[in-house]
Amino acid sequence: MLSRMEIVETNKMIKESNLDVRTITMGISLMDCADSDLTKFNQKIYDKITKKAENLVKTGEDIARQYGIPVVNKRISVTPISIAAAGCKADSYVSVAETLDRAAKEVGVNFIGGFSALIHKGCTPGDEILINSIPEALAVTDMVCSSVNVGTSRNGINMNAVKRMGEIILDAAERTKDRSCIGCAKLVVFCNAVEDNPFMAGAFHGVGEKDCVINVGVSGPGVVKRALEQVRGEDFETLCETVKRTAFKITRAGQLVAQEASRRLDVPFGIIDLSLAPTPAIGDSIAEIFQEMGLEEAGAPGTTAALAMLNDNVKKGGVMASSYVGGLSGAFIPVSEDHGMIEATEKGALTLEKLEAMTCVCSVGLDMIAIPGDTPASTISGIIADEAAIGMVNNKTTAVRIIPVIGKGVGESVEFGGLLGYAPIMPVNKFSCEKFIARGGRIPAPIHSFKN
Amino acid sequence: MKAIITVLGTDKVGIIAKVCTYLADREINILDISQTIIQGYFNMLMIIEVNDTMDHFAEIADGLEKLGEEIGVVIKMQHEDIFNTMHRI
């Protein structure tokens, strides 16, 4: 029998601490849509996506209604387009992005991910076409998200791709400069990208996946923060136990939603992603958790340790609550999407270098960071290379979602709106890495990747 | 299936009567009911039996929400599984 306390606790988490299920993401394979004719291919993918996801949004809303827990986003991820469209005779995939955008709008989801390429060792002709199409594709669509994997622990880092992505990011910013350079907010450069990630902008449906699958991302930084308020001043054991217990409850709610969505849509359940994902709302912030742990601001000495502990205990609590855990499963630290991070940046407590250190102990890298618009492409490539190296050596996913804000510099800020929030522009190290990036070729896989 | 109704708000005459009448008019059986007043705040939990269709659930849940607005309290109806999964292994 349920006790009054338990019922009140759950409803308090939802009402006062912003507990929600962050996303139900439907992964759809486009492998069976291959066609040499681009127009036919576009028609096939449109038909498949709109058919498979026809009830996705309504089902998400029904579940939210019935269980009284918000399901914030309903999204779609598809097979990397560089693979799915490889058979098309085409010199640009912009029309594919437009088709994805139309399909997403038709079914009512708020993002569709998978305008992607996996080029950690090298590029196929399809990969080349996709990468060249990215800036325009992101400028002419609203919902399409793009990602490129440039390295893995098993294969090393494709430095040609790293160099190219620096240029692509600047181009994407330039083409959307009248809209806060929003193109770059929809573009992620990965090392060790995962195939079942439900979170945007880096979601795509991996080639090892089923035809159609439901992945769910839970959230709840606010709930963790509230729980920690109850153990203020106590030791680390108590702190960790509290995070674990809270993560367990949050994940159970996600597991229930995932199973229900899977049953109602008649689509197999894939994974739960255990990431703590903040939003710009007050009380839904990772930085607030650090403050509750005892740091004056995010970025203060101790932040990396606090984040490592948070991330680890969220996983320890969450793993037992779900039958399949996957995706990125780490704490997100997107600057623009977390009001506490924004404040820390504005006060000078949080720097790009500290953020880089933090990404060593959590996914998912340098996320939603605005930098001056006059940053050279080679410097952006250098930042990507550093992140990719952290991912490669530590066998973890890292990513760079960085926004060079054209026409703006340090001291100014940029507004993206909605869940993407706003960001103060951060200074970037002025010293050049141009000759390093210009070398080209690949960085070989690290010695400890040879495990066979 | 079972659903949990929670009613929260400032105490006044007739809250229970109105919620129970609403449910009785729709032939919904109440399995359990408990109520306390904490610092003048009315706090009620009910467990009810509803049939399993989404339309039916949404209709009752919306109706109760509206009734709550009329009385000046917050009424929420949720499937019991959200609580079971979060608090029971």
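Note that this is a predicted model, so its numbers are computed, not measured. (Residues numbered from 1 in each chain as written. Chains lettered and ligands numbered in written order. Predicted model: local features only at pLDDT ≥ 70, side-chain atom pairs only at ≥ 80, totals over all residues.)

Undergrad: I tried to follow the overall build of chain B on my own but got confused; where do I start?
TA: Secondary structure summary: chain B contains three helices and four strands in total. Mapped from its N terminus to its C terminus, chain B presents α and β elements in the order β-α-β-β-α-β-α. Its C-alpha atoms give chain B a radius of gyration of 13 Å, within 12% of the compact-globule value 12 Å for 89 residues. Taken along the three principal axes of its C-alpha coordinates, chain B extends 35 × 30 × 20 Å. Across the 89 residues in chain B, those meeting the buried criterion constitute 26%. (Helix = DSSP H or I, 4+ residues; strand = E, 2+ residues; numbered from the N terminus. Rg over C-alpha atoms; globule rule 2.2 N^0.38 Å. Buried ≥ 20, exposed ≤ 12 C-beta atoms within 10 Å, placed from the backbone.)

Undergrad: Explain the overall build of chain A to me, please; I cannot follow it from the model alone.
TA: If you tally the helices and strands in chain A, you get 15 helices and 14 strands. Over its C-alpha trace chain A gives a radius of gyration of 21 Å, about what one expects of a compact globule, namely 22 Å for 452 residues.

Undergrad: Help me out: how do you make sense of the confidence of the model for chain B in this one?
TA: Predicted coordinates in areas of low pLDDT are best not read in detail. On average, residues of chain B carry a pLDDT of 90, and 100% of them reach 70 or more. Model confidence for the complex: the whole-complex pTM is 0.91, and ipTM, which rates the interface, is 0.84. (pLDDT = per-residue confidence, 0-100.)

Undergrad: Got a minute to help me understand the domain arrangement of chain A in this structure?
TA: Accessible area lost when the parts come together is the quantity often used to give the size of an interface. Residue and element names in this part refer to chain A. If you check the domain split of chain A, you get domain 1 (27–191) and domain 2 (216–444). The distance between the C-alpha centroids of domain 1 and domain 2 comes to 22 Å. Listed as interface residues are 38 residues of domain 1 and, on the opposing side, 44 residues of domain 2. Residue assignment for the side of domain 1 that touches domain 2 shows that the elements contributing at least two residues are helix 3 (56–67), strand 4 (144–152), strand 5 (156–158), helix 7 (159–175) and strand 6 (187–191). Here the side of domain 1 that touches domain 2 takes eleven residues from helix 7, the largest share from any one element. (Domains from an automatic or database assignment. Contact = placed C-beta atoms within 7 Å.)

Undergrad: Could you clarify how one ought to interpret the sheet that holds strand 2 (residues 29–38) of chain B in this entry?
TA: Residue and element names in this part refer to chain B. With antiparallel pairing, four strands are arranged side by side in an open sheet as 2-3-1-4. Whereas interior strands pair on both sides, the edge strands pair on one side only; in this sheet they are strand 2 and strand 4 (73–79). The sheet shows a mean angle of 15° between the axes of neighbouring strands, taken without regard to direction. Two strands pair when backbone bridges link them, and strand 1 (residues 2–10) and strand 3 (residues 41–49) are joined in this way by nine bridges, in the antiparallel orientation. (Pairing = 2+ DSSP bridges. Axes fitted to C-alpha atoms, helices over the stretch in contact; angles between N-to-C directions.)

Undergrad: Honestly, the pairing of strand 2 (residues 71–78) of chain A in this entry has me stumped. Any pointers?
TA: Across a regular strand the side chains alternate sides, sitting on one face of the sheet and then on the other. All names here are of chain A. Burial runs high along strand 2: seven of the eight residues are buried. Pairing geometry for strand 1 (residues 21–28) and strand 2, over seven bridges, is parallel. When the bridges of strand 2 are listed, Met 26 appears paired with Ile 76. With three bridges connecting them, strand 2 and strand 3 (residues 111–118) associate as parallel partners. Within strand 3, the residue paired with Ser 77 across the bridge is Gly 113.

Undergrad: I would appreciate a short explanation of the environment of A:Glu288 in the present structure.
TA: Residues and elements named next belong to chain A. Looking at the element boundaries, Glu 288 is found in helix 10 (residues 286–293). With 261 residues separating them in the primary sequence, Glu 288 and Gly 27 have C-alpha atoms 32 Å apart. The contact partners of Glu 288, leaving out residues within four places of it in the chain, are Lys 225 and Gly 340.

Undergrad: Where do I start with unusual backbone geometry in this structure?
TA: Of all residues except glycine, most have a negative phi; of all peptide bonds, most are trans. Residues and elements named next belong to chain A. Note the cis peptide between Met 200 and Ala 201, where omega equals 10°. Tracing the sequence through the fold places Ala 201 in the loop between strand 6 and strand 7 (212–218). Of note, the phi angle at Asn 395 is positive, near 50°, even though the residue is not glycine. Tracing the backbone through its elements, the reader meets Asn 395 in the loop between helix 14 (377–394) and strand 11 (398–405).

Undergrad: In this structure, what is going on with the environment of A:Cys433? I would like to understand it.
TA: Residue and element names in this part refer to chain A. Along the chain, Cys 433 turns up in the loop between strand 13 (422–424) and helix 15 (434–438). Separated by 50 residues in the primary sequence, Cys 433 and Ile 383 place their C-alpha atoms 9.6 Å from one another. In contact with Cys 433, other than residues within four places in its own chain, are Ser 378, Thr 379 and Gly 382.

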